[in-house]
Each structure stands twice: as structure tokens, then as C-alpha cells.
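An overview of the molecular structure
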Amino acid sequence: MRSAFFVTAVALLSVTAGAQVQGRQGIMLPKPPVVKTEPVIDEYQSVPTKIPDPYRWLEDAHNPETRAFIAAQNAYTAQYFSQVKIRPEIVKELGELLKTDFVSVPTKRGDHYFFSKRLAEENQASIYMRVGLHGADEKLIDASKLSEDQNTSVNMMNLTEDGSLMAYGVRVGGADEVEVHFLDVASRQDTGDVMPRARYSGVDIAPDKAGVYYSKLFPHEGNRVFYHKFGTPLDSDPMILGKEYRGEKLGEIDGVGVRITQNGHYLVFRIGRGVPATREDILIKDLRVKDSPIVPLVYGIDSRFGEFNVGDTFYMRTDYKAPNGRVLKVVQGKGPDEWPVIIPEGKDVLEGVNVVGGKMYVLRLKDVKSEVTIYSLDGKAEGHIDFPGIGAGSTLSGRAMDTDGFYTFQSIITPPTIFHYDTKTGHSEIFYSDKVPFDSSKYEVKQVFYTSKDGTKVPMFIAGKKGLKRDGTERLLMTGYGGFALSETPVWNPEYAWWMQEGGWFALPNLRGGNEYGEVWHKAAMFDKKQNVFDDWFAAAEYLIANKYTTPERFAIRGRSNGGLLMGASMTQRPDLFGAIWCGYPLLDMLRYQMFEMGRTWTTEYGSAENAKDYPYILKYSPYQNVKAGTKYPAIFFFTGDGDTRVDPMNARKMTPLMQTSTSSGRPILLHYSVKGGHSAGVSQTQLVQDYADEMAFLWTETGTK
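This structure is a prediction, so every number in the text was calculated from the model and none was measured. (Residues numbered from 1 in each chain as written. Predicted model: local features only at pLDDT ≥ 70, side-chain atom pairs only at ≥ 80, totals over all residues. Heavy atoms only, no water.)

**Section: the sheet that holds strand β10 (residues 152-159)**
Definition in use: Here, any two strands with at least 2 DSSP bridges between them count as paired. Runs of E in the DSSP output that reach at least two residues are strands. Runs of H or I that reach at least four are helices, and both are numbered from the N terminus. Convention adopted: a line fitted to C-alpha atoms gives each axis, helices being fitted over their contacting stretch, and angles between N-to-C directions are expressed from 0 to 180 degrees.
On the basis of which strands lie adjacent, the open sheet formed by four strands has the order β10-β11-β12-β13 and antiparallel pairing. Of all the strands in the sheet, just β10 and β13 (189-198) have a single pairing partner and so form its edges. Taking each pair of neighbouring strands and ignoring which way they run, the sheet shows an average axis angle of 25°. Relative to strand β12 (residues 178-184), strand β11 (residues 165-172) runs antiparallel, the two being bridged by six bridges. For Val 170, the partnering residue across the bridge sits in β12 and is Glu 179.

As C-alpha cells, this is what we get:
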């Protein structure tokens, strides 16, 4: 089933006759749809002060003219794919890689295990339960019954400590918002309480099961924390925290999460100032004491803190005076300088900590490869979890009182496996392994280090078939991100697997801006240093070309979200390096991104053109303002849709016609605009196969010979 935009669109915008655009493999297209320009001039307080915006009118998604533009662009894109002869083959092969049984890491309550599961022929994962580790699976929530088009998904949000009551979210398409329902596990029936579709940052059922604590985002205002008593009107829910704390405003960029400790004693609030947070405040409220005050464990320090507890004892994972992270034991009433250091900062970045069976399981990245060390609660090293190779592993999931837990391992050439781990014996066994038709033994992955423009050494993973030629004749696919302190570890992806099966190379550089080497690595690409991300990326491409992995015309790149910004910089700064670009759910107009959807929360990463000090450096790299008419741009495929409620689709809507009218290469510039797809996961497997097939078909075709 093709996505909805592939139906023949009404020609509300004209298409110029005559073949003017030439793709690879003999694909011919007319000129793109004619799109009107209505320039708006913005004035800033820095030089240059006047910036034109020819497609401002496309920011209004609901304008009938905008919908006509979308229809015409989708019809144009359909013309392209109707000529891609290998697409049916790609659909079949990607379907085999994607449509396999899937199981999530279980959540344990007593001897009951709760998890998501999707069978190979199903479009969405449902929520299951089994009694005992090896018991029979029972379906609790059937996702297939939620919508006719199968683009509605479910996820488990919270379970009571006895496993008797579950909160689960219902998501439509790829939107971030969910509707919250509650399941009585014993009766297998919903309770009837429903919380409306919204962004929630914590939904935790109260220890007495009489109600639920939740944090809800009010767009452009901020998060508020409420208590809802089951069976009462939602509009009467009392607010527990919101608007301000200790006289300090809690505004749009201040995310507030809420959870209840495992023993039910405390309500914990985590306030993150910006995304990623430049400061995190941790507050607690004693639920055993009526009308108890909200008091801070840590407050007002410009560092990141993440709490976890064992009983009534709190610990903090933090980068405070430790860019690579450390673990401290909280002494309430004192500041972090007076807290005992349980696990000191090391040379490898600390990625995660969890306590299971009275031990701390600490996940670190050693040159972007996962390692887990086991510690006692007083910080004594007691062993390791051994991962089966170079790849991306997790810390141990579970609770402090459990004696068992689960961890995962995967790599670029190894599909994910879930391991069950006995904390008493240290024994691991496979709980579930994805049965993907991919023979890992035929492939290899290695890590290299290359030099960026300013001399910084940057790691990169390269994978492909064993014995694959390095004479510049093979295609290569590279992806990257570089921002928000997110580490790009060598994980499995069916798209990359397909590319390697076809005989192409795959590369993943670990750009600055992530957390691969801690906060120092992240800060090296924030604000006015954002260009470092792009320079790292271009240096990776130059390394791969110089070492004859590929050539520019055979070089495909892809990125989404902040990685979409990376694609925008690639096309505007170094179009000579690449043959084809897939740009998904992208940030592209960086002078105006902060005005739309969740953009304001990212000003702690990028800055804002509304500030005179930020405007010059943002203008210098913002892709939309740096498109130059007459440039020979590569083949480009923009990918977005109405379901993206995080990065406003206006970025791709505006950039598409600007690139179409500016390029002189005669290569295709296309837009895929979906009414279902969005930033978050949630579309059906059938739709996902089609979307992935479009992406891979475009990149493979446009890096082929003429």
C-alpha cells in the first residue's frame, strides 16, 4: 500500500511541460511545480539587517494554497518513483528485514513480565504479559484494533508496584502526543479513565491506586504537574507544581518530569532547563506526609543531574565538575560539593546507571563502544557484563529489589538481542533475539579515526561486506547527527543492512555535539561552535573519498531532525562532496525555527536569531538563507509531514521550492509530504516499509551511473 500522497493530485499548481530534470538510471522529469513567491523582508539588529524570505506563505500549513502546493509536490515525486524500476525489489527486501517478530525489554512485577510484541505479519506492537520468565504470552492490549489504517500505536507508560494497574499511551501516526488509558490487569478491562491527547513527561499511578500524578505540556507555556483522582473530572485536577518555583518562572523551555519512587515514599520532580538541559533541578515531595512541601535535592546549579534511589537513599548521576560524569550519594540539606563520591569521573564517558539486586550497573562508552561495570552501593568495582563484540549495549534494566534484569546488545551488522541476567550468579541467557534474515558473518565493522578541520581526532565506524573493494567504484551511505548530547552508537538499522546487502559501504562518524566523549565533546559544537559539526562531517567524507571507499557521485548521505540540519549544511556548504541527500524532518530555517512547535526549547543548544549576539553565526550556517542560485546541487529528497509535531514541516516546505528554483545541476529535488508520518515512531510496518523503500530507492538510484 503506497502512502496517501501517491494518489494522483489535483493539478492546482501548474507543472511546466518538457523533460528538464534528469535522474540517474534514465529517469526523466518535467520541471518542478511552479511555486509563487511572496517575499517578506525581516529586519534584524545586526548586519546584514534585511533578510528576504520568498516562501513565508508556506509556513501556514492550513492555507488552501499550501495544501495545493503539497499535493502538487507529492504528485511530482510520484512521477519520479513511477520510473524507479528497482523499487518493487527494494520493497520486498526491506520487508524481509523489517517485518520480523519483535519483542521489547520486559518490565517485571513480581513473577509477571510485561512487554511489547509484534509478530512479523503485524503492523503494530501490542502489549503482552507472561507469568514466569518462560511462561506463555498473553495479549493485554491489541494494537490492531485501534485504527483501520494501522497507524495507531500503543506503549506502556507505567505499572503499579504490584502489577495490577497499567497506564498506557495511544499514539496516532508519528506525533509526539499520546492519549493515556488505564488497564485493570486482573479483569483485562480499561478502567474508563482517559487523559486527553497531549505531551506527557511522566504518568505515575499513586501508591494507593486512587489516582495518578502526571506532567503535561501546555504549548508555548510550559509543563504543569497535576494529580488526577480516578473518576473525577480532569478539569478539577489540582496543580502540584507549575508556573514557578521559589519565585523562579517555569516557562516554555523548562521541561518538568515526574515519577514516584519504587517504595512509594516520594514524588520526584526533574526540571530540565532547555533541550538538552543546561541545568537540572531535582525536587522531592514526601507522599507519606499530608500537604508536605516540595523541597530540593539540588537546585540552581548549571549542570545536569539525574537521580535514582535505593529505598529512601538518593544518588545522583551528574556532570557537575565532571564532564564525563560521576555518581554522588545525596546528603539532604547539603550541596553536591559535600556529597560523597561513589563513582568518580573517569576517562570514559558515563552513559547510564541503574541499581538491580543491590548493585550498580554503570554503562560507559569507551571510544563509542559500550561497556558495563558492576559496583557495590559504596562504589567498589565487582565485575563486568561482557558484551559479545564491538557494538552498542545497554545497562541492566530492573529494580533495586529484583534479583534479575535484562540488557541488550546490537551492532551495525548484528540485529538486537535481549539477554536475561541473574544478579546472584552473573549468568546471562538469551531472552529474545530478532530473527532477521541477515548473515552477520559475511560482514565486518571497523573503527577508524580521522582529523577534522581544526585538528580534532574524530572516530568513525565503517561497515560492509567482507572483501568489498576499495577502488572508488562502490556506493557509500553515511549518516550523522552531532547535537543535543546524543551519542551515535553503532546500532542495527534495517536500512543500513539493506544497503550493505546490495554491496554498498556504510559509515557513521561520531561528530562533536554528541555525548561520545562527555560534555566537553557536546559543548564543542553548541551555539557559535555549531560549524564544528559540519566540519567534522565534511572531513569524514573527505577521508572516505581519499581512502577510495567511494567517490562524490556515488556518495549518499541521510539525516533527520538535527541531522536534517546537517543535511541542509551539506547541500549549501559542500554540494561537491555528495551525489544524493535524504533530508528528513529537518531544521532548515534557523532564523525562525524557534517560533514553531518545540523550537523554543532548543535555544539552549543553538541560540536564537532574536538575540543580537546569536544572529551572525546562525545566519552564517542557516541552510535556508544560504542557498545560492545557479549552484550545481546534488539530488535531494526532503521528507516530512503533518504528523511531525516537534520540528515544524514548514522547514521542508519552504526549502523545497527554493532548492528547485536555485539548482543548475538538473538533478531531482523532491518532497515527500505525509499526513501520517512524524518525528516519533508509530506508523504501521507496512507504511514504514514503503517510506524506507522510497528513501533507499532514491539514494541508490541517484548514486548510480547515468
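**Some details on the pairing of strand β24 (residues 305-310)**
Selection rule: For each residue, the accessible area found with a 1.4 Å probe, counting protein chains only, is set against the maximum for its type, and the residue is called buried under 20%, exposed over 50%, and partly exposed in between.
Among the six residues in β24, five count as buried, and that is most of the element. Note: β24 against strand β25 (residues 313-318), six bridges, orientation antiparallel. The residue of β25 that forms the bridge with Asn 309 is Phe 314. Count of turn residues in the β24/β25 antiparallel hairpin: two residues, of which Gly 311 carries a positive phi of about 65°.

**Details of helix α2 (residues 87-98)**
Threshold: In this analysis, the expected span of each helix is defined as 1.5 Å times one less than the number of residues it contains.
Under the 1.5 Å per step criterion, the end-to-end length of α2 is 16 Å for 12 residues, consistent within 8% with the ideal 16 Å. Of all the residues in α2, the buried ones are Arg 87, Ile 90, Val 91, Glu 93, Leu 94, Gly 95, Leu 97 and Leu 98.

**Some points on the sheet that holds strand β26 (residues 326-329)**
Pairing is antiparallel across the open sheet formed by four strands, whose spatial order is β24-β25-β26-β27. Both outer strands of the open sheet, β24 and β27 (341-343), are each paired with one neighbouring strand and no more. For this sheet the average axis-to-axis angle between neighbouring strands, irrespective of direction, equals 30°. With two bridges joining them, β26 and β27 adopt antiparallel strand pairing. Counted as the bridge partner of Val 327 is Ile 343 from β27.

**Regarding helix α3 (residues 494-501)**
An α-helix turns once every 3.6 residues. As a result, residues three or four positions apart point the same way. Just so we agree on the cut-off: Under the rule applied, a polar contact is a pair of N or O atoms within 3.5 Å (in protein, one hydrogen donor and one hydrogen acceptor; residues adjacent in sequence only if both atoms are side-chain atoms).
Burial analysis of α3 places seven of its eight residues in the buried class, the great majority of the element. Among all positions in α3, only Pro 494, Glu 495, Tyr 496, Ala 497, Trp 498, Trp 499 and Met 500 are buried. Measuring from the backbone nitrogen of Glu 495 back to the side-chain oxygen at the start of α3 gives 2.8 Å, which picks out Asn 493 as the cap. Just downstream of α3, Gly 503 is the residue with a positive phi angle, here 105°.

**Observations concerning the packing of α2 against α3**
As a reminder, the rule being used: Relative orientations are named as follows: roughly parallel for angles under 35 degrees, roughly antiparallel for angles over 145 degrees, roughly perpendicular for angles from 65 to 115 degrees, and oblique for any other angle. Should the near helix be turned counterclockwise from the far one by less than a right angle, the crossing is left-handed, whereas a clockwise turn marks it as right-handed. Throughout, a contact is declared for two residues whenever any of their heavy atoms are within 4.5 Å. Put simply, Ala, Val, Leu, Ile, Met, Phe, Trp, Tyr, Cys and Pro go in the nonpolar bin, Asp, Glu, Lys and Arg in the charged bin, and everything else, Gly too, in the polar bin.
The N-to-C vectors of α2 and α3 enclose an angle of 125°; their axes lie 10 Å apart at closest approach. Put simply, α2 runs oblique to α3. The crossing of α2 and α3 is right-handed. Taken together, the residues of α3 that come into contact with α2 (itself represented by Ile 90, Glu 93, Leu 94, Leu 97 and Leu 98) are Pro 494, Glu 495, Ala 497, Trp 498 and Gln 501. The residue makeup of the contact of α2 with α3, split by class, is seven nonpolar, one polar and two charged.

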